[in-house]
Amino acid sequence: MKNIAPAIFPPNGIGDSKPTNQAVLDWVHEIGKLTKPENIFWCDGSERENEFLIAESLKQNVLIKLNEEKIPRSYLHRSNPNDVARVEKVTFICTPTKEEAGPTNNWSEPAETYSKLYGLLDGAMRGRTMFIVPYMMGPPDSPLTKVGFEITDSKYVVLSMRIMTRMGKIALERLGSDPKAEWNRGVHSLLDVDPDRRFICHFPQDNTIISVGSGYGGNVLLSKKCLALRIGSYLARKQGWMAEHMLILGVESPQGRKHYVAAAFPSACGKTNFAMLIPPEHFKGWKVTTVGDDIAWMEVRDGRLFAVNPENGYFGVVPGTSYKSNPNAMKSIEHDTLYTNVALTDDGDVWWEGKDGEPPKHAIDWRGNDWTPDSTEKAAHPNSRFATPMRNNPALDPDVEKGEGVPISAIIFGGRRSDTVPLVYEAFDWTHGVYLGATMASETTAAATGAVGQVRRDPMAMLPFCGYNIGDYFRHWIDIGKRLTNPPLIFNVNWFRKSTNGKFLWPGFGENMRVLKWMIDRCEKKGGAIKSPVGWLPAPRDLDLDGLGIDDKSVADLLGIDHEEWQKELVAHKRFFDSLGGVVPEELIGQHKQLAARFEL
Ligand code: GTP
Ligand code: SPV
Ligand code: MN
């Protein structure tokens, strides 16, 4: 196997931060014996370590230094062109039985899978450095916070984990030396980045993840989709909390009343943008702050739902990000940012489709080839990403580090739907809200390999991320509702409805504030709504559309319920539930019947 990640040799005082926990030491020893690295690098998360790793990564062309004046302390990484997104077809949940993984996951038998993966890992780190990355998910004093270790042979992974998690000493301190303490074991090796030898496997019962053959994002930053969602959701059900693919934002009125909202949209469907929303001029005095942009861990306390963001940074979609669409993201990524698969301009700046201003006359595209505006290829990959620490965000919520989390007033589900689904509506109650989540669908995006633009059911935006049987997951949602005396209201939104000429009907981005405002009004029991078969719908007068310049016909199209389309939608819901083979809770089957009956009235 070609060595694509040659070993590096740190000076004294770097890479020697060995933990005291014997269970960790034993496990690292075992993986070391298997993978046979040249040396072991124990990360501590320090500045000095970071500088050393960056310098070595520059030498090995893992990173390209960007223009220091334009984007200080920022770098570009290009992944292998065969490795640019999550790969769902080689992502496995390895529970003892197939039933536990359920109908929506790829399952493979744990013992066989370990043996296959250990075979691939045998000698895989020869000539490479094995990095041990201790990290913590969640604020330091939250009861939900978890510790993980990722073993990796990728410098890019180490540098990314330092941005995306609370990495290093802080995690070692949190874990302590109790050999029985709970912590997640993550093993990652690039191998030779061969799609045929690429597997992302989760062993929920062992709190273990093994990922091989990829160097990209959600496949290899094991803290994120693997731990915080797949293993997280499994642990959450067992321990009575929730791990969800949701952003968390705060919204404060000019009078100083503040609500927090959590929203589940599938990959590349607007979470980061919504979490960083800047209210338009018309909403002077309103303020939106970000708690998290991708993942929420939530628990019930005093009959309310409280949420923390387990992450420490944002791994966001770059294309389409501009001062017009998302100024807070733009400010966040102007320094101390690690870019992946964007274009490089001749003056060492970065460029992508949808960035403000004119395209450069010449650039190097994400594959490393010459690019000009006449090229037929995209300059930046559609799933190119930034990794930036959350402290860069000018709109960071002041309570983001609060261990008890923030109280959630509303939960929003939303997908990318060109038709059928109105701009916004509200569930009649919790169980109806669970139905909205369970039946949501979205057009697929570039965030995962495979066809783009195909409508698929993606319950709670968790289809690729639920680490156990989806039927049990629905049941868990219903059970959580029973413990909530003050449950959040549940809404469904669709920013992506199109007119017959194929244009988005809704301007989206900052203007989503208008929809958010209606939801907050509903939480405060003052927003108007009309009862429709699908739920509570705002009448056009209930939405503040002042100064938007949108015509009445478009508003009617946005909020309309087309009975013919909904008959098809009802069939699709039923077909989806049927496809799950009898695991859907009775309550949700009941909801489907009630929805159908409401259309008969
Ligand atoms: P992941 O990081 O993959 O989970 O994605 P995400 O859900 O955070 O999506 P993100 O906010 O990065 O947006 C993805 C794409 O959707 C970008 O190209 C955005 O420009 C586009 N987008 C986001 N919000 C809106 C909106 O309100 N309207 C429209 N039309 N597009 C939007
Ligand atoms: C997603 O696909 O939902 C992401 C990007 O947030 S990745 O981390 O690659 O999964
Ligand atoms: Mn995501």
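Keep in mind that this is a model prediction, so the values were computed, not measured.

### Observations concerning the coordination of the manganese ion (ligand 3)
Around a metal, the idealised angle for a tetrahedral arrangement of four donor atoms is 109.5 degrees; for an octahedral arrangement of six donor atoms it is 90 or 180 degrees.
Now for step 1: Bound to the manganese ion (ligand 3) are the protein donor atoms Lys225 (NZ), His245 (NE2) and Asp294 (OD), situated 2.1 to 2.4 Å from the metal.
Now for step 2: Around the manganese ion (ligand 3), the six donor atoms are arranged such that angles at the metal cover 74 to 173°; this shape is classified as irregular.
Now for step 3: Donor residues for the manganese ion (ligand 3) sit on one chain with the sequence pattern K-x19-H-x48-D. On the criterion of sequence distance, the pair formed by His245 in the loop between strand E12 (242-244) and strand E13 (247-252) and Asp294 in the loop between strand E15 (287-292) and strand E16 (296-301) is long-range, its members being 49 residues apart. There is no split in this pair, since His245 and Asp294 are both buried.

### Looking at the pattern of salt bridges
Now for step 1: Scanning the entire structure with this criterion turns up 36 salt bridges.
Now for step 2: Across the pair Asp44 and Lys169 runs a salt bridge whose closest N-O atoms are separated by 4.0 Å. Of this pair, Asp44 sits in the loop between strand E1 (39-42) and helix H2 (47-59) while Lys169 sits in helix H6 (residues 169-175), and the two are 125 residues apart along the sequence.
Now for step 3: A salt bridge links Lys553 to Asp557; the nearest nitrogen and oxygen atoms lie 2.7 Å apart. On the criterion of helical spacing, the pair formed by Lys553 and Asp557 is a turn pair, its members being four residues apart in helix H14 (residues 552-559).
Now for step 4: Look at the salt bridges and you will find they share partners, linking Lys224, Lys225, Lys271, Asp294 and Glu311 into a network.

### Observations concerning the sheet that holds strand E20 (residues 343-345)
Pairing between sheet strands relies on hydrogen bonds along the backbone, with the strands arranged either parallel or antiparallel.
Now for step 1: With antiparallel pairing, the four strands of this open sheet are ordered in space as E21-E20-E22-E23. Across the chains shown, the open sheet's two edge strands, defined by having one partner strand only, are strand E21 (350-351) and strand E23 (370-371).
Now for step 2: Note that E20 and E21 share two bridges and pair antiparallel. Bridged to Ala343 within E21 is Trp351.

### Digging into empty space enclosed by the protein
Where empty space is left becomes clear once a probe the size of a water molecule has been rolled over the atoms.
Now for step 1: One pass over the structure, following the stated rule, counts three cavities of 30 Å³ or more.
Now for step 2: If you add up the space inside the largest cavity, you get close to 140 Å³.
Now for step 3: Breaking the lining of the largest cavity down by element, the ones donating at least two residues are helix H11 (430-439), strand E29 (489-493) and helix H15 (563-579).
Now for step 4: With four residues, the single largest contributor to the lining of the largest cavity is H11.

### Topic: the packing of H11 against H15
Helices that pack against each other are described as a pair by the angle of their axes relative to one another and the distance between those axes.
Now for step 1: At a minimum axis distance of 10 Å, the contact between H11 and H15 shows a crossing angle of 80°. Viewed along their axes, H11 and H15 adopt a mutual orientation that is roughly perpendicular. Contact residues: Tyr435, Ala438 and Thr439 in H11; His573, Phe576 and Phe577 in H15.
Now for step 2: Across the contact of H11 with H15, the residue classes break down as four nonpolar, two polar and no charged.

### Some words on the side chain of Ser253
Now for step 1: Locating Ser253 in the fold gives a position in the loop between E13 and strand E14 (258-264).
Now for step 2: Leave out the neighbours within four places in its chain, and Ser253 touches Gly285 and Trp286.

### A closer look at the site of ligand 1
Now for step 1: Around ligand 1, the surrounding shell holds 21 residues, and the nearest of these are Ala268, Lys271, Thr272, Asn273 and Arg385.
Now for step 2: The contact in question runs from an oxygen atom of ligand 1 to an N or O atom on the side chain of Asp294, over 3.1 Å.
Now for step 3: Phe509 places a polar main-chain atom, nitrogen or oxygen, 2.9 Å from an oxygen atom of ligand 1.
Now for step 4: Alone, ligand 1 offers 660 Å² of accessible surface; in the complex the protein occludes 91% of this.
Now for step 5: Here the shell around ligand 1 gets three residues from one element, more than from any other, and that element is helix H9 (residues 271-275).
Now for step 6: Here the shell around ligand 1 is composed, by residue class, of ten nonpolar, seven polar and four charged.

Parameters and conventions
Residues numbered from 1 in each chain as written. Chains lettered and ligands numbered in written order. Predicted model: local features only at pLDDT ≥ 70, side-chain atom pairs only at ≥ 80, totals over all residues. Heavy atoms only, no water. Donors = N, O, S within 2.8 Å, 3.2 Å for Na, K, Ca; no water. Tetrahedral: all angles 85-135°; square planar, octahedral: opposite > 155°, others 65-115°. Helix = DSSP H or I, 4+ residues; strand = E, 2+ residues; numbered from the N terminus. Buried < 20%, exposed > 50% of the residue type's maximum accessible area, 1.4 Å probe, protein only. Salt bridge = Lys/Arg side-chain N within 4 Å of Asp/Glu carboxyl O. Pairing = 2+ DSSP bridges. 1 Å grid on protein atoms, 1.4 Å probe; cavity = no way out; pocket = protein on both sides within 12 Å on 5 of 7 lines; lining within 4 Å. Points joined across faces, edges and corners; volume = space filled by probe spheres on them. Axes fitted to C-alpha atoms, helices over the stretch in contact; angles between N-to-C directions. Parallel < 35°, antiparallel > 145°, perpendicular 65-115°, else oblique. Contact = heavy atoms within 4.5 Å. Nonpolar A, V, L, I, M, F, W, Y, C, P; charged D, E, K, R; others polar. Near = heavy atom within 4 Å. Polar contact = N/O pair within 3.5 Å; in protein donor to acceptor, adjacent residues only side chain to side chain. Areas by Shrake-Rupley, 256 points an atom, 1.4 Å probe, with all protein chains shown as cover.

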